[in-house]
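Remarks on the overall topology
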Amino acid sequence: MALIGVSIWSLSNMKDRHPDYSADLKILNESSSELKAGFAAVPITPEVSDRWEDKNGDAKYNPGDGDTFTDGNGNGKFDPVWIAGFSNSKPANGVHDDTWARTMVIDDGKTRLGIVILDAIGFMHDDVVDIRKMVPEELGLTYTIIASTHTHEGPDLLGLWGKTPFKSGVNKEYMQFVKEQTVQSIQAAVKNIRPARLEISQDLTGAIPQVKDTRRPEVFDSGLRFIKAIDKETGKTLGSLLAWSNHPETLWSENLLVSSDFPHFFREGVEKGVFWGDSLVKPGIGGVAVYLNGAVGGLMTTHRSHPVIDPFTGQELLEPTFEKAAAQGNQLSLLALDAMENPLEVIEEAGISLVVRTLQLPIGNTLFKLATALGVLDRGTSGWMKMRTELAVFKVGPVSFVTVPGEIYPEIINGGVAAPEGNDFGIEPLEVPPVRDKMAGKYKFVIGLANDEIGYIIPKSQWDTKAPFTYGRDNPPYGEVNSLGAETAPMVHRNLLEMLKELGE
Ligand SMILES: [Zn+2]
């Protein structure tokens, strides 16, 4: 009886939440017209203190010590904000900086695109579709991308970081709040739309020293790429897109204050200027800065063993502190502001072309199957052990974009997929040629964790769960445990290349 109960409950957890949903689109526009852009930032910060429910105020919680919530009268209810990242059972102890839904809307008169970035570790496709269904039609959006910065210091929106691995860490009310605030952000960005000029700039080497690759082969995606949108009439900055690829986890695992990690300091520096103490060293550009992450798999990180140099004192900061995250933000802001002073291209007019594909990926990972069945991962399946996800490729004049629904290994994007001895399938690289080679634009942006978070997207010829292990390891490398399966990368790569061809690239 109990067994039947459990399996019916599992099936209801796995039920398709958006049957027949498809985002497929193909819009090819070779003509050029005036561009418009709008930006907005709406906070999605959780209320931390109000999570405490205690009738007589004698509840105590000792942060850092998993379970010591006590209430003398037994009246306390421990319902904290669980911080997503590193390990289970990390209750937030306060807020360091606001987390956001930041939006850029771009419009060529025919197509209106929304790009929303959430300060979240990830956001699943079912929830993305929920938001799209909530967006009022009169906003005229052709397509809306909802991606995550992948901060490891914010509230759980996926479910994997609750009190135990068997209990979702997502607070349903908070999830609803995030969805509503995201709609507000899109609405405000549309309201702020103005005729715009886009200035494109990049610094492909300056930020290399700030990232470590924790798994061979050593391939990075450490180029910084920027779009600054300027109001054609007033000359004021409307906003900017700041693209880089690194795990926002510089604060590492001890921090219990909600934060966006280094993207917070990066955005602040670009908007308001870079300060050394109270003195302004470099003025900011104003507007709303939107940080987006690229290929962070493999794994791109400012590991706690990896120093960041304070740009003013020259001091090497190793310990994961807010000081280190701020130094990193300052470094990135200085590189960005310098690059933006000499744009490589100014776009006055352009057309937007777009190809979107919905696809079904097999769930190969037993832990994911279990988490889905238990409802720890609150997402439906779209067929027996399949997940619906989405890819998009688009271009705005000479600027090309691809979106990836998770954490793709940079070698798939930039080249360098390896086939080390000991790989589980004994195969040569499949994910070739690299995606970026097939993007025709002069400037090539990758938006990772976009419209979904399906985990690591690992080249199949690097897949390694069985002995003998690659590179002479004694144990399997980290990555596969948080991947949908070995078929994911070849499918994502093949589809992206086909779509880029359809786009005419
Ligand atoms: Zn990650």
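Residues numbered from 1 in each chain as written. Predicted model: local features only at pLDDT ≥ 70, side-chain atom pairs only at ≥ 80, totals over all residues. Heavy atoms only, no water.

Before going further, it helps to examine the overall build of the protein chain. Looking only at helices and strands, one finds 8 helices and 27 strands in the protein chain. Against the 2.2 N^0.38 benchmark of 23 Å for 505 residues, the protein chain shows a C-alpha radius of gyration of 22 Å, consistent with a compact globule. In terms of its C-alpha atoms, the protein chain occupies a principal-axis envelope of roughly 65 × 55 × 50 Å. By residue count, 60% of the 505 residues in the protein chain fall in the buried class. Pairs at least 24 apart in sequence give 79% of the contacts found in the protein chain among residues at least 6 apart. (Helix = DSSP H or I, 4+ residues; strand = E, 2+ residues; numbered from the N terminus. Rg over C-alpha atoms; globule rule 2.2 N^0.38 Å. Buried < 20%, exposed > 50% of the residue type's maximum accessible area, 1.4 Å probe, protein only. Contact = heavy atoms within 4.5 Å.)

Its boundaries defined by the atoms lining it, the largest pocket holds a volume of some 920 Å³. If you go around the largest pocket, you meet 40 residues; those closest to its centre are L160, W161, Y478, V481 and N482. Ranked by residue count, the leading element in the lining of the largest pocket is helix α6 (residues 366-374), at 5 residues. Here the lining of the largest pocket is composed, by residue class, of 23 nonpolar, 11 polar and 6 charged. (1 Å grid on protein atoms, 1.4 Å probe; cavity = no way out; pocket = protein on both sides within 12 Å on 5 of 7 lines; lining within 4 Å. Points joined across faces, edges and corners; volume = space filled by probe spheres on them. Nonpolar A, V, L, I, M, F, W, Y, C, P; charged D, E, K, R; others polar.)

This brings us to the environment of A41. Within the secondary structure layout, A41 lies in strand β2 (residues 33-43). A41 sits in the partly exposed class, given a relative accessible area of 29%. Considered as a pair, A41 and Q181 are 140 residues apart in the sequence and their alpha carbons are 9.6 Å apart. Ignoring sequence-local partners within four residues, the contact set of A41 consists of W100, A101, R102 and V288.

Ranked by internal contacts, the top residues of the largest apolar core, which has 46 residues, are V393, V402, I408, I412, V435, I457 and L496. Residue assignment for this core shows that the elements contributing at least two residues are β22 (352-362), α6, β23 (386-396), α7 (410-414), β27 (456-457) and α8 (488-502). With 7 residues, α8 is the largest single contributor of residues to this core. With residues near it in sequence (within four places) discarded, V435 still touches V402, I412, I413, H493, L496, L497 and L500. Of all hydrophobic cores here, the second largest spans 39 residues; its members include L35, A392, I447 and A450. (Core = buried A, V, L, I, M, F, W, Y, C linked by side-chain atoms within 4.5 Å.)

The next subject is the coordination of the zinc ion. H150 (NE2), H247 (NE2) and E407 (OE) make up the full set of protein donors to the zinc ion, lying at 1.9 to 2.1 Å. Sequence positions of the donors to the zinc ion reduce to the motif H-x96-H-x159-E. One end of the pair, H150, is in the loop between β8 (143-148) and α3 (172-191); the other, E407, is in strand β25 (residues 407-408), with 257 residues separating them in the sequence. Pair check on accessibility: H150 and E407 agree, each one buried. (Donors = N, O, S within 2.8 Å, 3.2 Å for Na, K, Ca; no water.)

A few words on empty space enclosed by the protein. If you walk through the whole model with that rule in mind, you get 3 cavities of 30 Å³ or more. The computed volume of the largest cavity comes to approximately 60 Å³.

The values are spatial; any link to function lies outside them.
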